[in-house]
Amino acid sequence: MSTKPRSTKAPVVSRSGRFAAGPAADVAAFSESISFDWRLWRHDLLGSMAHATMLQKIGVLSKAELKAILRGLDAIGREIAAVKFPWKPELEDVHMNLEAELTRRVPAGAKLHTARSRNDQVALDVRLWLRDELRALAGELRDLQRVLVSLGLHNADVIIPGYTHLQRAQPVYFAHHLLAYVEMFSRDTGRLFDCHERTNVCPLGSGALAGSTMPLDRELVARLLHFVDEKGRPRVTQNSMDAVSDRDFVVEFAAAAALIAVHLSRLAEDVILWASAEFNFIKIADAYTTGSSLMPQKKNPDVAELTRGKSARVIGNLVSLLTLLKGLPMTYNRDLQEDKERLFDTADTVRACVRLMAAMLNHTTVKADVCRAAASDPQLLATDLADYLVKQGLPFRQAHHVVGAVVAFAEKAGRPLNQVSVAEFQKISPKFGPDVRTVFDLKRAMQRRTLTGAPGTSEVKKQLARWKNLLR
Ligand code: ARG
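Structural notes, computed from the coordinates. Quick caveat, the model's predicted, so the values are computed rather than measured.

Here we look at the overall build of the protein
So, point 1. Helices and strands together make up the secondary structure of the protein, namely 18 helices and four strands.
So, point 2. Relative to its length of 472 residues, the protein is extended, with a C-alpha radius of gyration of 31 Å against a globular reference of 23 Å.
So, point 3. Reported as C-alpha extents along the three principal axes, the dimensions of the protein are approximately 100 × 55 × 40 Å.
So, point 4. Accessible area for the protein stands at about 23400 Å²; split by element, carbon and sulfur atoms hold 56% of it.
So, point 5. With 65 positive and 52 negative side-chain charges, the protein shows a spacing of 3 Å between the two charge centroids.

Structure follows, in structure tokens:
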């Protein structure tokens with residue numbers, strides 16, 4: 001590696017007169033962030049427009065200068081959108097690139113950085129970017145919820161075994177299983193809104209760490225950038241050192257996103273199991289599966305597997321961010337530049353997983369006959385049998401024991417539970433009446449589950465209708 005300074009020519013936005021030369025080439029390559037923070041450009045331009053507007057209001061810029069700056073920033077924005085902007089790695093980051101190019105075109109651009117530091121500028125840009133991302137992700141989660149509800153509605157009478165310990169436990173409607181995830185994603189959305197609440201505060205005016213001696217109008221900037229509460233009152237950060245040095249709002253997002261990723265991973269695991277020959281409950285459309293390079297018969301649920309796999313990096317990003325912050329002295333430290341790749345990766349990964357899972361589930365059909373066969377296993381109603389005895393006055397612990405004995409008897413006799421005769425039942429306990437085998441009527445069993453939140457016939461219908469209405 002060369003230690004020779006890359007260039008002795010001062011860039012347009014210089015590092016001030018303090019330095020005789022630019023950084024060594026390997027230092028520049030090591031410290032640049034333009035390769036990833038360029039995507040903050042839109043928000044950086046918006047922040048500069050608001051800052052310039054305020055600078056004119058307090059007399060730092062003339063009206064003509066403001067006009068030229070706004071026009072220049074707008075032109076730069078259009079060039080970036082058209083992929084015609086000359087990004088320069090030697091200008092380190094998105095902030096320097098945009099300001100340098102503006103100043104090259106508009107002399108008054110040299111006044112734009114008045115009372116502003118890249119420290120409050122980057123905090124602003126990340127907040128603005130994340131605010132948009134939070135809203136977009138919440139929208140995508142809603143789409144996924146809609147797909148889950150619609151799949152439930154299309155298979156409203158399908159019953160499957162519910163599992164604990166991955167062992168068949170009790171019957172549930174397939175829709176009830178899907179609605180469990182709808183509930184999880186609803187709490188996830190709430191967490192995104194919570195994060196939005198704390199992200200939606202304007203840090204500009206905090207300067208490098210200690211504000212400014214210039215008479216800035218921070219509230220005006222906040223209003224221009226829609227950092228406002230529900231009553232339209234501006235929200236600005238209340239401590240300049242806190243504002244430039246903490247990234248807790250990024251951590252909050254990373255945590256909320258990690259939970260989304262974990263929920264998606266669990267859903268993915270269910271899908272993978274259901275698509276296996278052993279379960280065979282669903283069929284995923286070919287377009288959302290892949291084949292094997294060796295085994296011609298294979299059809300693999302890669303979308304679900306990758307969703308499960310990608311949750312690992314999203315969890316890792318959260319840990320990286322927490323670790324990044326934990327030892328930082330006040331206030332801004334260059335370490336903070338490391339937040340962006342973790343943040344962007346989390347956002348991109350979770351967005352893609354939500355979207356792909358929704359698309360895949362939208363192209364998935366349920367094999368009702370296979371589900372019916374699995375749900376007709378009478379053992380699933382062993383608990384109902386215990387409840388039957390409780391209703392005959394037997395304490396539950398004894399009822400549990402008696403039904404255990406019936407299950408053991410049936411197993412030994414090599415017969416399903418519902419093939420045990422009334423006489424055999426009564427030999428095990430006289431509490432069993434002649435109507436005991438009606439317990440195994442699955443349809444009636446599902447109708448008996450009337451508690452709120454239970455997988456009963458009318459309750460699941462109600463929940464499907466509730467969600468359909470909420471997601472309208
Ligand atoms: N690229 C930097 C970051 O992402 C911007 C702020 C740089 N500030 C500084 N004083 N070097 O954090």
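Focus: the environment of His177
So, point 1. Mapped onto the fold, His177 is located in helix α7 (residues 174-199).
So, point 2. Distance from His177 to Ile160, taken between C-alpha atoms, is 8.9 Å for residues 17 residues apart in sequence.
So, point 3. Beyond its immediate sequence surroundings of up to four residues, His177 is in contact with Ile160, Asp270 and Trp274.

Digging into the site of the ligand
So, point 1. Around the ligand, the neighbouring residues are Ser33, Asp37, Asp93, His95, Arg118, Asn119, Val122, Tyr332, Gln337 and Lys340.
So, point 2. A distance of 3.2 Å separates a nitrogen atom of the ligand from a polar atom in the side chain of Asp93.
So, point 3. Contacts to the ligand include Gln337, whose side-chain N or O atom sits 2.9 Å from a nitrogen atom.
So, point 4. Considering the ligand on its own, with 350 Å² of exposed area, one finds that the protein chains cover 87% of that surface.

Topic: helix α11 (residues 302-326)
So, point 1. For α11, built from 25 residues, the straight-helix expectation of 36 Å at 1.5 Å per residue is met to within 8% by its first-to-last C-alpha distance of 37 Å.
So, point 2. Of the positions making up α11, those classed as buried are Val303, Ala304, Thr307, Ser311, Val314, Asn317, Leu318, Leu321, Leu324 and Leu325.

Observations concerning the packing of α11 against helix α12 (residues 339-362)
So, point 1. At a minimum axis distance of 9 Å, the contact between α11 and α12 shows a crossing angle of 155°. Here α11 is positioned roughly antiparallel relative to α12, judged by the angle of their axes. Seen from above, α11 lies across α12 with left-handed handedness. Residue-level contacts link Val303, Ala304, Thr307, Lys310, Arg313, Val314, Asn317, Ser320, Leu321 and Leu324 of α11 to Asp339, Arg342, Asp345, Thr346, Thr349, Val350, Cys353, Leu356, Met357 and Met360 of α12.
So, point 2. Classifying every residue of the contact of α11 with α12 gives 10 nonpolar, five polar and five charged.

Regarding the nonpolar core
So, point 1. Ranked by internal contacts, the top residues of the largest apolar core, which has 108 residues, are Leu148, Phe174, Leu192, Phe253, Met360 and Leu361.
So, point 2. Among the elements that take part in this core, helix α10 (residues 248-275) stands out by supplying 16 residues, more than any other.

What counts as what
- Residues numbered from 1 in each chain as written.
- Predicted model: local features only at pLDDT ≥ 70, side-chain atom pairs only at ≥ 80, totals over all residues.
- Heavy atoms only, no water.
- Helix = DSSP H or I, 4+ residues; strand = E, 2+ residues; numbered from the N terminus.
- Rg over C-alpha atoms; globule rule 2.2 N^0.38 Å.
- Areas by Shrake-Rupley, 256 points an atom, 1.4 Å probe, with all protein chains shown as cover.
- Lys, Arg positive; Asp, Glu negative; His and termini not counted.
- Charge placed at Lys NZ, Arg CZ, Asp CG, Glu CD.
- Contact = heavy atoms within 4.5 Å.
- Near = heavy atom within 4 Å.
- Polar contact = N/O pair within 3.5 Å; in protein donor to acceptor, adjacent residues only side chain to side chain.
- Expected span 1.5 Å × (residues − 1).
- Buried < 20%, exposed > 50% of the residue type's maximum accessible area, 1.4 Å probe, protein only.
- Axes fitted to C-alpha atoms, helices over the stretch in contact; angles between N-to-C directions.
- Parallel < 35°, antiparallel > 145°, perpendicular 65-115°, else oblique.
- Left-handed = near helix turned anticlockwise from the far one by under 90°.
- Nonpolar A, V, L, I, M, F, W, Y, C, P; charged D, E, K, R; others polar.
- Core = buried A, V, L, I, M, F, W, Y, C linked by side-chain atoms within 4.5 Å.

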